[in-house]
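Structural characterization, general
Each chain, written out:
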Amino acid sequence: MAPGILVDEPQPAIAPVGALKRNDGLSRDLFPDGIRTSGQHPPLYDLLKPYSAFPKSITGPTVWQCSDFEGHPERWVHRFTANEIAELSSAADAFLASGIPLTGIAKELFPLPTLSHTLSTVRNDLLNGKGFILFKGFPTDQWTIEKTAAAYMGLGTHLGYPVSQNSQGHVLGHVKDVGDDPTQIHSVRIYRTAARQFFHADEADLVGLLCLHRAQEGGESDIVSVHHVWNVLQREHPDVAELLTKPIWYFDRKGEVSQGQDEWIRKAVVYLERDDKQDGAAPRVYAKWDPYFIKSLQRFWDAGVVPPLSDEQKRAAEILEQVCLREALHMILEVGDIQIVANSHLLHARTAYKDFAPPAPRRHLMRLWLSTPEDEGGWALPFPDSHEKKRGGVQVNDTPPRAPLDAE
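Just so you know, these numbers come straight off a predicted model, no measurement behind them. (Residues numbered from 1 in each chain as written. Predicted model: local features only at pLDDT ≥ 70, side-chain atom pairs only at ≥ 80, totals over all residues. Heavy atoms only, no water.)

Over its 17 residues, helix α8 (residues 311-327) extends 24 Å from the first C-alpha to the last, a length consistent with the 24 Å expected when each residue adds 1.5 Å. Of the residues making up α8, those classed as buried are Q313, A316, A317, I319, L320, E321, V323, C324 and E327. (Helix = DSSP H or I, 4+ residues; strand = E, 2+ residues; numbered from the N terminus. Expected span 1.5 Å × (residues − 1). Buried < 20%, exposed > 50% of the residue type's maximum accessible area, 1.4 Å probe, protein only.)

Evaluated as defined, the whole model comprises six cavities of 30 Å³ or more. In this structure, the largest cavity encloses a volume near 530 Å³. Q197, H200, A201, D202 and D290 are the residues nearest the centre of the largest cavity, which is lined by 37 residues in total. When contributions to the lining of the largest cavity are tallied by element, the ones reaching two or more residues are β5 (197-200), β6 (206-213), β9 (249-252), β10 (264-267), α6 (292-295), β15 (346-350) and β17 (364-371). (1 Å grid on protein atoms, 1.4 Å probe; cavity = no way out; pocket = protein on both sides within 12 Å on 5 of 7 lines; lining within 4 Å. Points joined across faces, edges and corners; volume = space filled by probe spheres on them.)

For the rest of this paragraph, the subject is the environment of V122. Structurally, V122 is set in helix α2 (residues 115-128). With a relative accessible area of 9%, V122 lands in the buried category. Among all residues touching V122, those that are not within four sequence positions of it are I133, F135 and L159. (Contact = heavy atoms within 4.5 Å.)

We now examine the pattern of salt bridges. Applying the stated criterion to the full structure yields 23 salt bridges. Linking D406 and K176 is a salt bridge whose minimum nitrogen-to-oxygen distance equals 2.9 Å. On the criterion of sequence distance, the pair formed by D406 in the segment after β17 and K176 in the loop between β4 (173-175) and β5 is long-range, its members being 230 residues apart. Overall, D406 belongs to the partly exposed group, its relative accessible area being 35%. As a salt-bridge pair, K389 and E376 come within 3.0 Å of each other at their nearest N and O atoms. Linking K389 in the segment after β17 with E376 in the segment after β17, this pair joins segments that are 13 residues apart in sequence. Judged by its relative accessible area of 34%, K389 is partly exposed. With relative accessibility at 32%, the residue E376 sits in the partly exposed group. (Salt bridge = Lys/Arg side-chain N within 4 Å of Asp/Glu carboxyl O.)

Listed below in structure tokens is the structure:
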């Protein structure tokens, strides 16, 4: 079956945006704030736009090149001041003293009277501007792991709502080589290995990475503006740009599915926001991509249940990676750095790495996935959970949220 045939298949009736099983008002015994992560969903196919509706070129603050920031850290780095650290410390101490679990942390429970104004500006730039920031000077070496986690998650609540990152319900994730085999990509999440991560976007609006320990070598970060990449593709490979807008791409869910759900999702790679945006602005180009979740479909290709990649799709994936590599901004995360990246209009990657020999600690990043719902300034996505407070993420049945303090 040719992948393109699927575009013309009859589609089931589409529910209105937000017409999902309720994810709020739930048992606080399971979900401390009463809200469940929405999880992964197919797009609303009737709302997907043809290539002809996409812009030939994008302009504005979301479009940037490496040269705009390389050598200009003042444009994208914020070093915490002593007063900001004191504010984070006080809020973390008060939260831990309250006895509320980390899974119940919320913006209203983590007041930052001064820093919150800076974070509001940062949030707007993440959603509507360049889409990334690097915070420096988070005192991980001075605080306990519990306080570090509380301060980090508390800071994150001023940017978005923490959502589950895996089938275990982890709202505090750990990017660390735990010995999983990266060749077993049908079941292994690559962040749990030392292998290279190709350019991708996570299943959340924002991703945060706090560096606790560095690797001996490698493990460096690359980020790229999707809108700049789109402009490059439109100039150099318009056929690739067009193919990326078609919902002919299958993505593996690696077994992280709720009862009754398929083991894969058919999507496009590049989308336009919905026409009914609340601000009335022109729809923006949005990307969802992770090549590892395509390559891991081999078992389904062999069984004939989903079509294998066509030669055109393989070429498009290779060209997309090549353009991202060519145009990316490279950075090295030091201990105490926090990188926040918007998954809407940036792709990010990581080089392979080698850890120090024991007993030195392994490379370790704490990860947050944060939701920025449409009703609170987030992008108007052609997905059924766009208005959900905790849209996106990975949710399996009613698995409650967990915030482990190390990799499991």
